[in-house]
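Architecture at a glance
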Amino acid sequence: MRLLFVLAVVLGVLTTPASMSGGAMAQGYRPKGPPPGFKGKGVRPASPGAKRPQSTGGPATAPRFAVKDRGPLRSGGLRWIDMHMHLVPARGSFSGAVIEALKLMDRAGIATAVVMPTPQSSSAYTERQYTSLLKRHRSRFRWFGGGGDLNGIVHRTDPEKVTEAVRRDFVKRANAILDAGARGFGEMAVLHISFMSGHPFEETQADHPLFLALSDVAAARNVIISMHIDLVPKDGPTPAKVVAMGNPRRLRGNVEGFERLLAHNRGARIVLEHVGADPVGYATRDLLQRLVEAHPNLYLAIRAAPGTSTEMSNLIVDTKGVLPAWLEFFERYPGRFLFGTDTFAAASGAGAGAGTSFAARNVNKLILHNRILGSLPKHIARQIGVDNPRELLGLN
Ligand SMILES: [Zn+2]
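About the thresholds
Residues numbered from 1 in each chain as written. Predicted model: local features only at pLDDT ≥ 70, side-chain atom pairs only at ≥ 80, totals over all residues. Core = buried A, V, L, I, M, F, W, Y, C linked by C-beta atoms within 7 Å. Buried ≥ 20, exposed ≤ 12 C-beta atoms within 10 Å, placed from the backbone. Helix = DSSP H or I, 4+ residues; strand = E, 2+ residues; numbered from the N terminus. Contact = placed C-beta atoms within 7 Å. Expected span 1.5 Å × (residues − 1). Pairing = 2+ DSSP bridges. pLDDT = per-residue confidence, 0-100. Axes fitted to C-alpha atoms, helices over the stretch in contact; angles between N-to-C directions. Parallel < 35°, antiparallel > 145°, perpendicular 65-115°, else oblique. Left-handed = near helix turned anticlockwise from the far one by under 90°. Nonpolar A, V, L, I, M, F, W, Y, C, P; charged D, E, K, R; others polar. Right-handed = clockwise from strand over helix to strand, strands pointing away. Arc of directions from axis to C-beta.

**Quick word on the nonpolar core**
Membership of the largest hydrophobic core comes to 105 residues, with the highest contact counts inside it found for V98, A101, L214, I225, V271, A301 and I302. The element contributing the most residues to this core is helix 3 (residues 95-108), with eight residues. The residues touching A301, leaving out its near neighbours within four places in the chain, are M83, H84, V271, L272, E273, V275, L338, F339 and G340.

Structure below.
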């Protein structure tokens, strides 16, 4: 099996330059309707008086250290799996974004990436708009679905008013996503902090009956759920810097609800995204370790932020490398970690917006993730970068 995988990877590498020449991919695919984007009806307005950073890629969102335009972004020879990537279309087409994703993956040593829609509160786009493009690069991509539609349904549905008919319809949609080839559900959100205008604030309960139903589908079909939860232990005031980004002044506690979701069906494997890039400040190594110890079906996706980040807390790397407390955590539970870079592969010509702003950080992010890989003992780097994701995606 391993030999097959190596062959598949090699074939992927060999076929990439041809497909990146453009012609074949640029033709044939034209999604209907207006260009999808991040803006949607479900986006909550900014808190009164809060000044929101703009999403035009100006100084507030510019990378904080020099960006290399080309060349390798990797330190070692390991070809790894990235469990968290998004595509940003241009004029409604995702083909340029797929080309950009392949370029970034080749530079960063990423053999295979899991692509999924961002957790949208309204259905701006779904994975169905680009899966035919991903299928042309079978060794390079897997995808998750539901971030573009199921997530919005959860957020628009009052947890107290989930009737049997609502639940049945949701389960039917979830199964249809898997029938269409998705290897999991994502990106789903419980609490999603907004960073700029056009980037949604979303908040619901982690043990929403529809999330419980989703976990039953995930367990029955042996797929995983990718969850964006900015962890908050208890109801309380929002930290000032988070209010300043345009979020509500109070946040609901979500850790207990998340633990109920994890306990609801132990057969459902749930990946907590954005570990190491925590905008609120409560997702400490100690809290995460307690959760990992209590919940055998919980996995943590490492998403590095620069050591100079002022937006994020609980960082994993600084200028010297991986912080010792995190290194110890990885070495103690190597079977429970993955890499989820949250790279935004943007098509050239993609308009201004949150996705394009985030795309400006791709190169730095990928350098950092490779730095973490390079800091780990070889067998642990291989487990987190290759073996765990292959197991979770059913690639073995
Ligand atoms: Zn994401």
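We are not done yet, so read on.
**Observations concerning the environment of V255**
Note that V255 resides in helix 9 (residues 255-264). Between the C-alpha atom of V255 and that of P233, which follows or precedes it by 22 residues, the distance is 5.2 Å. If sequence neighbours within four positions are ignored, V255 has contacts with L231, V232 and P233.

**Describing helix 3**
Each α-helix turn comprises 3.6 residues. Residues three or four places apart therefore point the same way. The terminal C-alpha atoms of helix 3 lie 20 Å apart, and with 14 residues this matches the ideal 20 Å at 1.5 Å per residue to within 8%. A large share of helix 3 lies buried, amounting to 12 of its 14 residues. Among all positions in helix 3, only S95, G96, A97, V98, I99, E100, A101, L102, L104, M105, D106 and A108 are buried. Phi turns positive, to about 75°, at G109, one or two residues after helix 3.

**Here's the deal with the pairing of strand 10 (residues 269-275)**
For a regular strand, side-chain orientation follows a simple rule: the groups alternate between the two sheet faces. Here strand 10 lies mainly inside the structure; seven of its seven residues are buried. As defined by bridge partners, strand 7 (residues 224-229) adjoins strand 10 across four bridges and the pair is classed as parallel. In the sheet register, S226 faces strand 10, and the bridge partner there is V271. For strand 10 and strand 11 (residues 298-302), the ladder comprises four bridges, and the chain directions are parallel. When the bridges of strand 11 are listed, L272 appears paired with L300.

**Points about the confidence of the model for the chain**
For the chain, the mean per-residue pLDDT works out to 84, and 82% of the residues sit at or above 70. Low confidence marks residues 1-67, where pLDDT is under 50. Its contacts with residues over four positions away, or in another chain, come to 115 contacts.

**Points about the sheet that holds strand 2 (residues 110-115)**
Taken together, the four strands give an open sheet; going across it, the order is 3-2-1-15, and neighbouring strands pair in parallel fashion. If you trace the sheet from one side to the other, it starts and ends with strand 3 (141-143) and strand 15 (343-346), each paired once. Sheet twist, expressed as the average angle between the axes of neighbouring strands with direction ignored, equals 40°. One ladder, built from three bridges, connects strand 2 with strand 3; its direction is parallel. Bridging across to strand 3, V114 finds its partner in R142. Packed on one face of the sheet, helix 3 meets strand 1 (80-88), strand 2 and strand 15 and runs near 130° to strand 15.

**Remarks on the packing of helix 6 (residues 164-179) against helix 7 (residues 209-221)**
At a closest axis distance of 10 Å, the pairing of helix 6 and helix 7 adopts a crossing angle of 40°. In terms of orientation, helix 6 and helix 7 fall into the oblique class. The two elements helix 6 and helix 7 cross, and the hand of that crossing is right-handed. Judged by residue contacts, R167, F170, V171, A174, N175 and L178 of helix 6 engage P209, L210, A213, L214, V217 and R221 from helix 7. A breakdown of the residues in the contact of helix 6 with helix 7 according to their chemical character gives nine nonpolar, one polar and two charged.

**Considering the pairing of strand 2**
Counting buried residues along strand 2, six of its six residues qualify, which places the element largely inside the surrounding structure. Both strand 1 and strand 2 contribute to a ladder of four bridges, which runs parallel. Its bridge partner being in strand 2, M85 is matched across the sheet by V115. Crossover connection from strand 1 via helix 3 to parallel strand 2: handedness right-handed.

**Details of the environment of R250**
Relative to the elements of secondary structure, R250 occurs in strand 9 (residues 250-251). Accessibility expressed as a C-beta count within 10 Å gives 12 for R250, which makes it exposed. Linking R250 and D235, residues 15 residues apart in sequence, is a C-alpha distance of 7.3 Å. If we ignore the near neighbours within four places in the chain, the residues touching R250 are D235, G236, P237 and T238.

**Description of helix 11 (residues 324-332)**
Along helix 11, the residues classified as buried are W326, F329 and F330. With its buried residues spanning 95° around the axis, helix 11 presents them on a single face. Structural note: helix 11 exposes P324, A325, E331 and R332 on the side pointing more than 90 degrees away from its buried face. The elements touched by buried residues of helix 11 are helix 10 (285-294), strand 13 (321-322), strand 14 (337-339) and helix 14 (378-393).

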